[in-house]
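Spelled out from the first residue to the last, the chains are:
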Amino acid sequence: SSEPSLGSRRRYPSLAAMKCSAVLVAAALYGAAAQEPCKTQDAFDITMCKSHMCTECTLEWCMTSCQELQEKNPECRCTDWPASRTSYSGGDFKQKGKVGDVGDYSKM
């Protein structure tokens, strides 16, 4: 007969098994993306993540102060930063590209 025997049939995973696998993969990805708070997270959140100095200030002093704060707390990051941003300087901030080798002084 041309019909395959039970032993030679391919066995496909059930829908429930596929859903379970999808949930496990999603949980693993979420866990990898979830951030462990650093030892000084509360203070870091106040001075880096919620302060005018590191979020809105356009003075060079603010930018360098926030960079120094990040250097002192390299394991800390703000929870609202995208996963790709690992530090203050790694993202967009008000003074980015406006201090240093830009503008008239870059042409000297």
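Each remark here, short or long, concerns the structure printed above.
Residues numbered from 1 in each chain as written. Predicted model: local features only at pLDDT ≥ 70, side-chain atom pairs only at ≥ 80, totals over all residues. Heavy atoms only, no water.

A look at the nonpolar core
Moving on, step 1. Core analysis: the largest hydrophobic core is formed by 12 residues, namely C38, F44, M48, C49, C54, M63, C66, L69, C76, C78, W81 and Y88.
Moving on, step 2. With near-sequence residues (within four places) excluded, C49 lies in contact with F44, T55 and C78. (Core = buried A, V, L, I, M, F, W, Y, C linked by side-chain atoms within 4.5 Å. Buried < 20%, exposed > 50% of the residue type's maximum accessible area, 1.4 Å probe, protein only. Contact = heavy atoms within 4.5 Å.)

A few points about the state of the cysteines
Moving on, step 1. Summed over all chains, the structure comprises four disulfides.
Moving on, step 2. Sulfur-sulfur distance for the disulfide between C38 and C76 comes to 1.8 Å. Between C38 and C76, the disulfide has an S-S torsion of 95 degrees and is therefore right-handed. Highlighted residues: C38 in the loop between α1 (15-33) and α2 (41-49) and C76 in the segment after α4 (60-72), separated in sequence by 38 residues.
Moving on, step 3. Overall, C38 belongs to the buried group, its relative accessible area being 9%.
Moving on, step 4. Its relative accessible area of 1% is what places C76 among the buried residues.
Moving on, step 5. Two residues, C54 and C66, share a disulfide whose sulfurs are 1.9 Å apart. Residues C54 and C66 share a disulfide whose torsion about the S-S bond is about -100 degrees; that sign makes it left-handed. Here C66 lies in helix α4 and C54 lies in helix α3 (residues 52-55), a separation of 12 residues in the sequence. Both residues of the pair, C54 and C66, belong to the buried class. (Disulfide = S-S within 2.5 Å. Helix = DSSP H or I, 4+ residues; strand = E, 2+ residues; numbered from the N terminus.)

Details of the packing of α2 against α4
Moving on, step 1. Two elements in contact, α2 and α4, have axes separated by 10 Å at closest approach and are oriented at 160 degrees. Our classification of the angle between α2 and α4 gives roughly antiparallel. Like other packed secondary-structure pairs, α2 and α4 cross with a definite hand, here left-handed. Contact with α2, carried on its side by F44, T47 and M48, involves C66, L69 and Q70 of α4 and no other residues of that element.
Moving on, step 2. Taken together, the residues of the contact of α2 with α4 sort by class into four nonpolar, two polar and no charged. (Axes fitted to C-alpha atoms, helices over the stretch in contact; angles between N-to-C directions. Parallel < 35°, antiparallel > 145°, perpendicular 65-115°, else oblique. Left-handed = near helix turned anticlockwise from the far one by under 90°. Nonpolar A, V, L, I, M, F, W, Y, C, P; charged D, E, K, R; others polar.)

Keep in mind that these numbers describe shape and distance, not what the molecule does.
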